[in-house]
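Here is what each chain is made of, one letter per residue.
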Amino acid sequence: DNGPRTAEYFNPYRHISPMYILAHSASGGQLVRYLMDQAHHLLPQIAAIAFTDSTHNIQWTTKHESLQRFLESPSCVYLRSSSSNNDGDDRECRKAGDIVDTDIHLRRRFGSIQTLWAGTTEHSLSNWTGHHQIWFHFDRHILTDVNASARRYFDM
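Residue indices follow the written sequence of each chain, beginning from 1 at its first position. pLDDT decides what is reported in this predicted model: residues at 70 or higher carry local features, side-chain atom pairs at 80 or more are listed and counted, and totals for whole chains, interfaces and linings draw on all residues regardless. The basis for every side-chain value is the complete set of heavy atoms in the structure, and neither hydrogens nor water enter the calculation.

### Side note on the packing of aromatic side chains
To describe a pair of aromatic rings, one takes the distance between the centres and the angle between the planes.
(1) Moving on: Aromatic pairs are defined between Phe, Tyr and Trp rings, using the six-membered ring for Trp, whenever the two ring centres lie within 6.5 Å; interplanar angles under 30 degrees are classed as stacked, those over 60 as edge-to-face, and all others as tilted. Evaluation of the coordinates by the stated rule reveals 3 aromatic pairs.
(2) Moving on: With centroids separated by 5.9 Å and ring planes inclined at 85°, the aromatic side chains of tryptophan 135 and phenylalanine 138 adopt a geometry described as edge-to-face. Of this pair, tryptophan 135 and phenylalanine 138 both sit in helix α7 (residues 131-140), separated by 3 residues, roughly a single helical turn.
(3) Moving on: The buried category is assigned to phenylalanine 138, whose relative accessible area is 6%.
(4) Moving on: An aromatic cluster is defined as three or more aromatic residues linked by ring pairs; in this entry it consists of Tyr20, Trp135 and Phe138. Counting from the N terminus, the helices are DSSP H or I runs at least four residues long and the strands are E runs at least two residues long. Each residue is placed in one exposure class: buried if its accessible area under a 1.4 Å probe, protein chains only, is under 20% of its type's maximum, exposed if it is over 50%, and partly exposed if it falls in between.

This is how it looks when you write it as C-alpha cells:
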C-alpha cells in the first residue's frame, strides 16, 4: 500500500475540517495550477484563500468555471505589496488593508478578486504586514457546515 490516493484522501465527505490557505508569491501560481486539475476534490474543502503577491493569473482558469468563480468570490482575497515595479516610481507604502484601485491590467490578470494593500514595499514581508487582514479574512469564512461550502460552487 502506497498510502491514501489523492481522490480518496481529499473526498469532501470524509473530512469535516475546511481548509484555509495562505499562498504567497509563486505558491499562489502553483496552487491555482494544482486546483485546475484537482478542483473537484479540493474546492468543496476550501473555506478561504488569501493570496499575497501571488503569481497566479485568472486567465488560466477560463475553461474551469467553478474554479474561476471561486477565485473571484468573497472567499478569496489578494494582498499586494507596494513597489516601484508595480506602482510607479514613488515606492510609497500603502496602509495595510486599504483597497487597491485596480486598473484594467490587474483586473485582466486577477479578475474581480478583492484586492488590498499589504502595508509594505517589501515583497518578502507582505504576509507579516498584512497578517491582520489575512486572519480577518479567514475569520469571516469560518464554516460550521463544510457541505455549505461545497454547495456554493457545485450542484449538490
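Back to the text.
### Here's the deal with the nonpolar core
(1) Moving on: Only buried residues count toward a nonpolar core. Its members are Ala, Val, Leu, Ile, Met, Phe, Trp, Tyr and Cys residues joined through side-chain atoms within 4.5 Å. Core analysis: the largest hydrophobic core is formed by 23 residues, its most contacted members being Leu31, Leu35, Ile46, Ile49, Phe51, Leu71 and Cys76.
(2) Moving on: Put simply, the parts of the chain that give this core at least two residues each are β1 (19-24), α2 (26-42), β2 (46-52), α3 (65-71), β3 (76-80) and α5 (104-110).
(3) Moving on: Per element, the largest residue contribution to this core is 6 residues, and it comes from α2.
(4) Moving on: The contact criterion used is simple: two residues touch if any of their non-hydrogen atoms lie within 4.5 Å. Residues within four places of leucine 31 in sequence aside, it is in contact with Ile21, Ala23, Ile49 and Phe51.
(5) Moving on: Judged by nonpolar contacts, the second largest core, of 8 residues, contains Ala50, Val77, Leu116 and Ile134.

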